[in-house]
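# Summary of the model geometry
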Amino acid sequence: MKVAIIKYNAGNVQSVRYALQRIGIDPILTDNPEEITSADKVIFPGVGEAKSAMDYLKERKLDQLIKDLKQPTLGVCLGLQLMCNHSEERDTDCLGIFDTNVKKFQSEILKVPHMGWNNIHNLKTDLYKGIHENDYVYYVHSYFAELCENTIAVTDYVNPYSASLHKDNFFAAQFHPEKSGDVGQKIIQNFITNF
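First things first, this report covers the structure right here in the doc. All figures in this text were calculated on a predicted structure; none of them were measured in a lab.

### Comments concerning the pattern of salt bridges
Inspection of the entire model under this criterion finds 4 salt bridges. Note that Asp55 is salt-bridged to Lys51, the shortest N-O span being 3.1 Å. Residue Asp55 and its partner Lys51 are located together in helix 3 (residues 50-59), separated by 4 residues, close to a single helical turn. Overall, Lys51 belongs to the partly exposed group, its relative accessible area being 27%. A salt bridge links Lys103 to Glu88; its shortest N-O distance comes to 3.7 Å. Highlighted residues: Lys103 in strand 7 (residues 101-104) and Glu88 in the loop between strand 5 (86-87) and strand 6 (92-93), separated in sequence by 15 residues.

Here's what the structure looks like:
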């Protein structure tokens, strides 16, 4: 199986690569359109800032390429946020795959960024096959996707938000499955084997 990790100016690709290698897949890290479109599965990870990431994608015409992908595609962290309509982070228009917006956490009580382990619930689709309600996953983020009809998992921090989204062949997780222990590893395995 050929799995492509989209290379752009957002960090955290190595831990995603290692997570795939643990289940016997050696992915390619690429920004080459032909390699991305010919892959069996695509992963769109990211840690960073929305505006500069979108600018990079547009410069290389990867923004339209990602929207046009037909194979199963998984966005992670910033990848999820960039797949939404708009982000409050530097007032950024995003890819518009998921019909929801990304907001900044507003709290005088809880710390922002939301960092550490938190539970997921209201789990839907086979991305969460074998995962239990209220299992814990690992987060590092200051922005969140609002709940919408594409929401397939929910986390509560400051307010309920989309821990995970799904539409057609596109899936996304706000948390880091590659850093979420056995639960995260199972989610990655589900993405590879169930779609």
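Read on for the rest.
### Some words on the side chain of Glu49
With respect to the helices and strands, the residue Glu49 is situated in the loop between strand 3 (41-44) and helix 3. At 2.8 Å, the side chain of Glu49 forms a polar contact with the backbone nitrogen of Lys51. Within the local environment of Glu49, its side chain forms a polar contact with the side chain of Ser52, the two groups lying 2.9 Å apart. Excluding residues that lie within four positions of it along the chain, Glu49 makes contacts with Leu78, Glu89 and Arg90.

### What to know about the pairing of strand 3
Alternating positions in strand 3 separate into two faces, Lys41 and Ile43 on one and Val42 and Phe44 on the other, with burial throughout. Two strands pair when backbone bridges link them, and strand 1 (residues 3-6) and strand 3 are joined in this way by 3 bridges, in the parallel orientation. The partner of Val3 across the bridge, within strand 3, is Lys41. Looking at chain direction, strand 3 and strand 4 (residues 73-76) are connected through 3 bridges and run parallel. Bridging across to strand 4, Val42 finds its partner in Thr73.

Reading guide: rules and limits
Residues numbered from 1 in each chain as written. Predicted model: local features only at pLDDT ≥ 70, side-chain atom pairs only at ≥ 80, totals over all residues. Heavy atoms only, no water. Salt bridge = Lys/Arg side-chain N within 4 Å of Asp/Glu carboxyl O. Helix = DSSP H or I, 4+ residues; strand = E, 2+ residues; numbered from the N terminus. Buried < 20%, exposed > 50% of the residue type's maximum accessible area, 1.4 Å probe, protein only. Polar contact = N/O pair within 3.5 Å; in protein donor to acceptor, adjacent residues only side chain to side chain. Contact = heavy atoms within 4.5 Å. Pairing = 2+ DSSP bridges.

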